[in-house]
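Architecture and fold: a report
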Amino acid sequence: KGRYLITAPFRQNLPDPLDFEGEERNVVYKTMEAEEDYEVLDELPFWGNGKGFTNKRRSRLYLYDETADKLSAISPPLMNVEGITVAEDLSRVLYFGCEFDSVCDQTAAVHELNLEDLSDKVLLPSGRLHVDNAFYLDNAIILLATDQKRYGTSENTALYRLQPENNGYELILD
């Protein structure tokens, strides 16, 4: 109660405003505004249909604690969070996305955040599956994903059961 998950834009190539307070934070915001007149394109993809320039821009997961009036970054700074799912009992959160510095390989890492102690565990490292969705089903974690081995990025998704104990997965429905 009083805690909220938020996804918000994050500029990887600029200082994180959360690292500063007061006047220093205002200086960071002014720096960000001053750099809006031009774009440096040094990663792929640098453009998204309907999104415009995406170079060094990420969607980041944050946790806001209303009682402490504190906003904390949860996802890694290089990850573009593509989806989140909260467990029915509100104790855990799955989130996934592409984590990259210069080229997104179209695969996603899957993380689980424990909302009790705020520990973050990588359940599936990046580089293995392109993930469209992740969700809890009874005691299992199910992925709607593809390994892109047959038809590349145009391949339809299948259902996989995540095996967190060994960072693995098994195909359950193709």
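Everything below is about the structure shown above.
Every chain is numbered independently, its residues counted from 1 as its sequence is written. Totals for whole chains, interfaces and linings use all residues, but because this is a predicted model, local features are given only for residues with pLDDT of at least 70 and pairs of side-chain atoms are given and counted only at 80 or more. Values reported for side chains reflect all heavy atoms of the structure, with hydrogen atoms and water molecules removed beforehand.

1. Regarding the environment of Asn114
Position of Asn114 among the secondary structure elements: in strand β8 (residues 109–114). A residue is classified by how much of its surface remains accessible, and Asn114, at 25% relative accessible area, is partly exposed. Asn114 sits 22 residues away from Arg92 along the chain, and the two C-alpha atoms are 4.7 Å apart. Any two residues having at least one pair of non-hydrogen atoms within 4.5 Å are treated as being in contact. Sequence-distant contacts of Asn114, defined by excluding residues within four places in its chain, comprise Ser91 and Ser119. Per the convention used, a helix needs a DSSP run of H or I reaching at least four residues, while a strand needs a run of E reaching at least two, with both numbered from the N terminus. Buried residues are those whose accessible area, probed at 1.4 Å on protein chains only, stays under 20% of the maximum for their type, while exposed residues exceed 50% and partly exposed ones sit between those limits.

2. Some details on unusual backbone geometry
One non-glycine residue with positive phi stands out, namely Leu118, at about 60 degrees. Within the secondary structure, Leu118 is located in the loop between β8 and β9 (120–124). In this structure, Asn167 takes a positive phi of about 55 degrees despite not being glycine. In this structure, Asn167 sits in the loop between β12 (158–163) and β13 (168–173).

3. Some points on the side chain of His111
Tracing the sequence through the fold places His111 in strand β8. Overall, His111 belongs to the buried group, its relative accessible area being 5%. Within the structure, His111 has its side chain in polar contact with the side chain of Asp120 (distance 2.9 Å). Setting aside residues up to four positions removed in sequence, His111 forms contacts with Pro76, Met79, Val93, Leu94, Tyr95, Glu99, Asp120, Lys121, Val122 and Leu123. Polar contacts, as counted here, are pairs of nitrogen or oxygen atoms within 3.5 Å of one another; within protein the pair requires one atom able to donate a hydrogen and one able to accept it, and residues that are adjacent in sequence qualify only if both atoms are side-chain atoms.

4. Considerations on the sheet that holds strand β6 (residues 79–86)
Strands are labelled as partners when DSSP assigns at least two bridges between them. As summarised here, the arrangement of the four strands in space is β6-β7-β8-β9, forming an open sheet in which the pairing is antiparallel. Each edge of the open sheet is held by one strand with a lone partner, namely β6 and β9. Here the average twist between neighbouring strands, direction ignored, is 30 degrees. Geometry is summarised by axes, namely lines fitted to C-alpha atoms with helices restricted to the contacting stretch, and by angles between N-to-C directions that run from 0 to 180 degrees.

5. Details of a nonpolar patch on the surface
The patches described consist of residues with a relative accessible area above 30% and no salt bridge, like charges being joined within 9 Å and nonpolar side chains (Val, Leu, Ile, Met, Phe, Trp, Tyr) within 5 Å. All accessibility values rest on the Shrake-Rupley procedure with a 1.4 Å probe; residue burial counts only the protein chains present in the view. The working definition used for a salt bridge is a side-chain nitrogen of Lys or Arg within 4 Å of a carboxyl oxygen of Asp or Glu. On the surface, Tyr4, Ile6, Leu18 and Leu71 cluster together into a nonpolar patch covering about 300 Å² of accessible area. By the secondary structure assignment, Leu18 is in the loop between β1 (3–11) and α1 (22–34).

6. Considering the side chain of Glu112
Position of Glu112 relative to the elements: it lies in strand β8. According to the relative accessible area criterion, Glu112 is buried, its value standing at 15%. Side chain to side chain, Glu112 and Arg92 meet in a polar contact 3.4 Å long. When neighbours within four sequence positions are excluded, Glu112 is seen to be in contact with Arg92, Val93, Leu94, Ser119, Asp120, Lys121, Leu123, Tyr136 and Ile141.

7. Some remarks on the sheet that holds strand β5 (residues 70–73)
Pairing is antiparallel in the open sheet, where three strands are placed in the order β1-β4-β5. The sheet is open, and its two borders are formed by β1 and β5, each paired with just one other strand. In this sheet, adjacent strand axes meet at a mean angle of 35 degrees when their direction is disregarded. Relative to strand β4 (residues 57–65), β1 is paired through nine bridges, and the arrangement is antiparallel. Its bridge partner being in β4, Arg11 is matched across the sheet by Arg57.

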